[in-house]
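If you want the building blocks of each chain, they are given just below.
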Amino acid sequence: MTTSTTVLDARGLTKTFDGRTVLHEVDLQVRDGELVAVMGPSGSGKSTLLYTVSGMDTLTSGTVSFAGQDLGSLSQKQLARLRLTTMGFVFQHVHLLKNLCLLDNVVLPAYLAGLAPREELNRRAAGLMERMGVADLATRDVSEASGGQLQRIGICRALMNEPSIVLGDEPTGALDSAAAGEVLDILGELNAEGTTVVLVTHDPTVAARADRVLYMVDGRIVADRQQGRYTGADREGRHADVTAWLTEQDRRRTEAPLGSVV
Ligand SMILES: Nc1ncnc2c1ncn2[C@@H]1O[C@H](COP(=O)(O)OP(=O)(O)O)[C@@H](O)[C@H]1O
Ligand SMILES: [Mg+2]
């Protein structure tokens, strides 16, 4: 891919909760088709960054432009529409309704939003479930699927609107390594097809797949590692390199004098 349009352009993002600043004038540009991993210790602001750039949470100050649209200029309704039609979200834990079969869970948000007629949505959901290897679970309910299968169902639901960007908050965080690997392969495939992917993660395996790894400390992006496109070649070397880099970031963070900006 040769395009390098900025799809997400966040400037000076500041977020304060109860007088405490948890994002400090963060700038983040994500290019179309990039796969970005956001890492850093617990409480460093990774989730808050994800939620503010996607308009799920409000900013204290700063601007976010998504696909050329300034989120701050949109009404709540327009913002909800933009999220619904262009963004897909995957969380650590999938929240599914227990009284619906899994196919209906995949379809429901798109149906409620009136994205397309029910029949078409059913077909789309069935196609996605086929692709994610969970087609046989369509008529089952939540209690009949494993954690890895549920996460794949959650990805199907996130893809119903054919999003141009997928945002994940530790999407593999609750999975064993085999299931995590499968979910990561799926996200990697989507990215290879052109979907921009931003993943908050603690997992170096996820980071090894990314084009770029950001490291956050105390509400700031303190390091931005460009590591080139993942091709599948030299998987171990890439994993070792990013692990060493992460160790270095951890070391800098813990050795920095209290209150200093790294
Ligand atoms: N809704 C909220 N109300 C108050 N504080 C919050 C809220 N959400 C997050 N925080 C605080 O903001 C900081 C960053 O949180 P978060 O973005 O969840 O970090 P991370 O995802 O890196 O673990 C933490 O100190 C957290 O306690
Ligand atoms: Mg978090």
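Everything that follows concerns the structure shown earlier in this document.
This report concerns the structure included in the present document. Bear in mind the structure is a predicted one, so any value in this text is a computation, not a measurement.

Formed by 50 residues in total, the largest nonpolar core has its most connected members in Leu102, Met129, Ile155, Met160 and Val213. Per element, the largest residue contribution to this core is seven residues, and it comes from helix H6 (residues 177–192). Beyond its immediate chain neighbours, meaning those up to four positions away, Val213 contacts Ala37, Met39, Ala207, Ala223, Asp224, Arg225, Gln227, Val242 and Trp245. With 27 residues, the next largest nonpolar core counts Leu8, Leu71, Ile165 and Leu167 among its residues.

Moving on, we come to the site of ligand 1. In the vicinity of ligand 1, the contacting residues are Phe17, Arg20, Val22, Pro41, Ser42, Gly43, Ser44, Gly45, Lys46, Ser47 and Thr48. Within the backbone of Gly45, an N or O atom sits 3.0 Å from an oxygen atom of ligand 1. Separating an oxygen atom of ligand 1 from a side-chain N or O atom of Thr48 is a distance of 2.5 Å. Surface burial for ligand 1 is 62%, taken as the share of its 560 Å² of free accessible area covered by protein chains. Sorting the residues of the shell around ligand 1 by element identifies strand S2 (20–31) and helix H1 (46–53) as the ones contributing at least two each. No other element matches the three residues that H1 contributes to the shell around ligand 1. Of the residues that constitute the shell around ligand 1, the class distribution is three nonpolar, six polar and two charged.

Here we come to helix H8 (residues 235–255). Its 21 residues give H8 an end-to-end C-alpha distance of 30 Å, which sits within 8% of 30 Å, the value for a rise of 1.5 Å per residue. Along H8, the residues classified as buried are Gly237, Arg238, Val242, Trp245, Leu246 and Gln249. Of the surrounding elements, those touching the buried residues of H8 are strand S3 (35–39), helix H7 (204–209), strand S9 (212–217) and strand S10 (220–226).

So, about helix H5 (residues 147–159). Along its 13 residues, H5 runs 18 Å from first to last C-alpha, staying within 8% of the 18 Å computed at 1.5 Å per residue. Extensive coverage of H5 is indicated by the burial of ten of its 13 residues. Inspection of H5 places Gly148, Leu150, Gln151, Arg152, Ile153, Gly154, Ile155, Cys156, Ala158 and Leu159 among the buried residues, and these make up the whole buried set. Residues of H5 that are buried make contact with strand S6 (87–90), helix H3 (102–112), helix H4 (118–131), strand S7 (165–169) and H6.

What counts and what doesn't
- Residues numbered from 1 in each chain as written.
- Chains lettered and ligands numbered in written order.
- Predicted model: local features only at pLDDT ≥ 70, side-chain atom pairs only at ≥ 80, totals over all residues.
- Heavy atoms only, no water.
- Core = buried A, V, L, I, M, F, W, Y, C linked by side-chain atoms within 4.5 Å.
- Buried < 20%, exposed > 50% of the residue type's maximum accessible area, 1.4 Å probe, protein only.
- Helix = DSSP H or I, 4+ residues; strand = E, 2+ residues; numbered from the N terminus.
- Contact = heavy atoms within 4.5 Å.
- Near = heavy atom within 4 Å.
- Polar contact = N/O pair within 3.5 Å; in protein donor to acceptor, adjacent residues only side chain to side chain.
- Areas by Shrake-Rupley, 256 points an atom, 1.4 Å probe, with all protein chains shown as cover.
- Nonpolar A, V, L, I, M, F, W, Y, C, P; charged D, E, K, R; others polar.
- Expected span 1.5 Å × (residues − 1).

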